[in-house]
Amino acid sequence: MTDATQSPRSVKTLLGARRGRGKMHWTDVFTYCYLGFGLFLMFAPVVWLVLSSFKTPAGLQEFPPTFLPLGQISVEVEGYDEPLLLFDVTMEDGSVQQLAQVRRIGIMAQMVDPEDPGERLQIPIASREPVREMRMAWENYRDPLERFNFMRYLWNSVIVTFAATMVTLLINSMAAYGLSIYEFRGRNAIMLFVIGTLMIPITVILVPVYLVVTNLGMINSLWAVILPGAATPTGVFLLRQYMLTIPRDLIEAARMDKASEWQIYWRVVMPLAMPAVAVLAIFSIMWRWNEFLWPLIVLNRSEVYTLQVGLNAFQGELDVQWHYILAMTVVTLIPVVIVFAFLQRFITTGIASSGMK
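Predicted model only: the values in this text are computed from it and were never measured. (Residues numbered from 1 in each chain as written. Predicted model: local features only at pLDDT ≥ 70, side-chain atom pairs only at ≥ 80, totals over all residues. Heavy atoms only, no water.)

Asks: Is there a simple way to think about the overall build of the protein chain in this case?
Replies: Broken down by element type, the protein chain carries 16 helices and 8 strands. Burial status across the protein chain gives 35% buried among its 357 residues. Taking contacts inside the protein chain between residues at least 6 apart in sequence as the whole, the part at least 24 apart equals 63%. (Helix = DSSP H or I, 4+ residues; strand = E, 2+ residues; numbered from the N terminus. Buried < 20%, exposed > 50% of the residue type's maximum accessible area, 1.4 Å probe, protein only. Contact = heavy atoms within 4.5 Å.)

Printed below as a string of structure tokens:
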């Protein structure tokens, strides 16, 4: 039976699971409430981010904030060049009337009836509510992609993420192959040394790595972002632990068939280690795609900015363009979500088999 067939049935079985026979037990209620609360904590911020990305700058500054992207309705009024904002006004007799605002002076507003604009009324601002409608600010996505060269930043991030991930998978898998398949003195000591580098904070090595990159002439080059983090101790550890589970009989059989070490690595070990490779690929893509500090240090020209550095350009000293930042943040999430959706089935197998916590 295929995964596509099993997945809906598994979800249906999970949602219909009961401890008692045919009726809800109190532990069932607690479990579903707990799972629902966890689901809310995970997805509510994402939903809020997506909806907020369609709000106008004025809508983002409203308090209390609104959940949906709402925009105030404006109407054309005879005798006025610009459209006027529409409000529901509670009159002195308790009736509600829709009036358009001409101007606001302190706590009072001059308003007119759109049907009879000849008379201006003085209305306290506390007795009115704006008339709103669902309005999606698509310009939050359109303007950065058209006016601010954001497509260039997107392309740079794609190049960096793809190239860095390929280099990371190649180097880490080769190191893991050597530390798992070959038997030699000091192998465990080398592995302990590799794992020990995880305890070194990145801020400690920023200056030495920057000096190396500068001497190699890679400043303001995408290679300065791709190469320094190519070998990761996490990746070496994960792949090595998985490769240790591969039967040695397969390796010996390949050697008896006169296969070279490269053929054993590429045609025997790598296909069997594909679940762990997929997990490392997901981790690498997330690391590279979301990396901000190092690209900010080595990239000074706008034409080589990655997405995260480009997002920082919308934050000025006196003004922060939150509507653009939120919209482009949603754009940056899309590739990671797509990759995770395709490779997530390998995560449980890869991590469980590698012993990684």
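Asks: Got a minute to help me understand empty space enclosed by the protein in this structure?
Replies: In this approach, a probe sized like a water molecule rolls over the atoms, and the result shows the empty space that is left. If you walk through the whole model with that rule in mind, you get 2 cavities of 30 Å³ or more. In this structure, the largest cavity encloses a volume near 40 Å³. Around the largest cavity, the lining residues are Ser-157, Val-160, Thr-161, Val-225, Arg-288, Trp-289, Glu-291, Pro-295, Thr-306 and Gln-308. If one sorts the elements of the lining of the largest cavity by residue count, helix α5 (residues 150-181) sits on top with 3 residues. Partitioning the lining of the largest cavity into residue classes produces 4 nonpolar, 4 polar and 2 charged. Its volume calculated, the second largest cavity comes out at about 30 Å³. Every residue lining the second largest cavity is listed: Lys-55, Gly-59, Glu-62, Thr-66, Leu-70 and Arg-132. (1 Å grid on protein atoms, 1.4 Å probe; cavity = no way out; pocket = protein on both sides within 12 Å on 5 of 7 lines; lining within 4 Å. Points joined across faces, edges and corners; volume = space filled by probe spheres on them. Nonpolar A, V, L, I, M, F, W, Y, C, P; charged D, E, K, R; others polar.)

Asks: Would you mind showing me how to read the side chain of Lys-55 here?
Replies: Following the sequence through the fold, Lys-55 ends up in the loop between α2 (26-52) and α3 (57-60). Under the relative-accessibility criterion, Lys-55 is labelled buried at 5%. In terms of polar contacts, Lys-55 uses its side chain to reach the backbone carbonyl oxygen of Thr-66, at 2.2 Å. Among residues more than four places away in sequence, those in contact with Lys-55 are Trp-48, Leu-60, Thr-66, Phe-67, Leu-68, Pro-69, Ala-137, Asn-140 and His-323. (Polar contact = N/O pair within 3.5 Å; in protein donor to acceptor, adjacent residues only side chain to side chain.)

Asks: What is the right way to look at the environment of Thr-168 in this model?
Replies: Counting through the fold element by element, Thr-168 comes out in helix α5. Judged by its relative accessible area of 1%, Thr-168 falls in the buried class. Put simply, Thr-168 and Ala-230 are 62 residues apart on the chain and 4.6 Å apart in space, counted from C-alpha to C-alpha. Not counting chain neighbours up to four residues away, the residues in contact with Thr-168 comprise Ser-173, Gly-229, Ala-230, Thr-232, Ser-284 and Arg-288.

Asks: So what exactly am I meant to see when it comes to the pairing of strand β3 (residues 84-90) here?
Replies: The side chains of a regular strand alternate between both faces of the sheet. Two elements, strand β2 (residues 74-75) and β3, share 2 bridges in a ladder whose sense is antiparallel. Within β3, the residue paired with Val-75 across the bridge is Leu-84. Where β3 hands over to strand β4 (residues 96-105), the hairpin turn is made up of 5 residues, of which Gly-94 adopts a positive phi near 95 degrees. In terms of strand pairing, β3 meets strand β7 (residues 128-130) through 3 bridges, oriented antiparallel. Its bridge partner being in β7, Phe-87 is matched across the sheet by Pro-130. (Pairing = 2+ DSSP bridges.)

Asks: Hey, could you run me through the packing of α5 against helix α9 (residues 233-243) in this one?
Replies: Two quantities define a packed helix pair, namely the angle between the helix axes and the distance between the axes. Contact geometry for α5 and α9: axes closest at 8 Å, N-to-C directions at 45 degrees. Considered as vectors, α5 and α9 are oriented oblique to each other. Where α5 crosses over α9, the handedness of that crossing is right-handed. Of the residues in α9, those in contact with Asn-172, Ser-173, Ala-175, Ala-176, Tyr-177, Leu-179, Ser-180 and Ile-181 of α5 are Gly-235, Val-236, Leu-239, Arg-240 and Met-243. Its residues assigned to classes, the contact of α5 with α9 comprises 8 nonpolar, 4 polar and 1 charged. (Axes fitted to C-alpha atoms, helices over the stretch in contact; angles between N-to-C directions. Parallel < 35°, antiparallel > 145°, perpendicular 65-115°, else oblique. Left-handed = near helix turned anticlockwise from the far one by under 90°.)

Asks: Just to check I follow, could you spell out a nonpolar patch on the surface for this structure?
Replies: A cluster of nonpolar side chains, Leu-39, Met-42, Phe-43, Val-47, Trp-48, Phe-67, Leu-68, Leu-70, Met-134, Met-136 and Trp-138, forms an exposed patch at the surface whose accessible area comes to about 1100 Å². If one sorts the elements of the nonpolar patch by residue count, α2 sits on top with 5 residues. (Patch = residues over 30% accessible without salt bridge, like charges linked within 9 Å, V, L, I, M, F, W, Y side chains within 5 Å. Areas by Shrake-Rupley, 256 points an atom, 1.4 Å probe, with all protein chains shown as cover. Salt bridge = Lys/Arg side-chain N within 4 Å of Asp/Glu carboxyl O.)

Asks: Even after reading the chapter, I still don't get unusual backbone geometry, so can you show me in this structure?
Replies: Working note: non-glycine residues mostly have negative phi, and peptide bonds are mostly trans. With a phi close to 60 degrees, Asn-220 is a non-glycine residue in the positive phi region. Here Asn-220 is to be found in the loop between α7 (202-215) and α8 (223-226).

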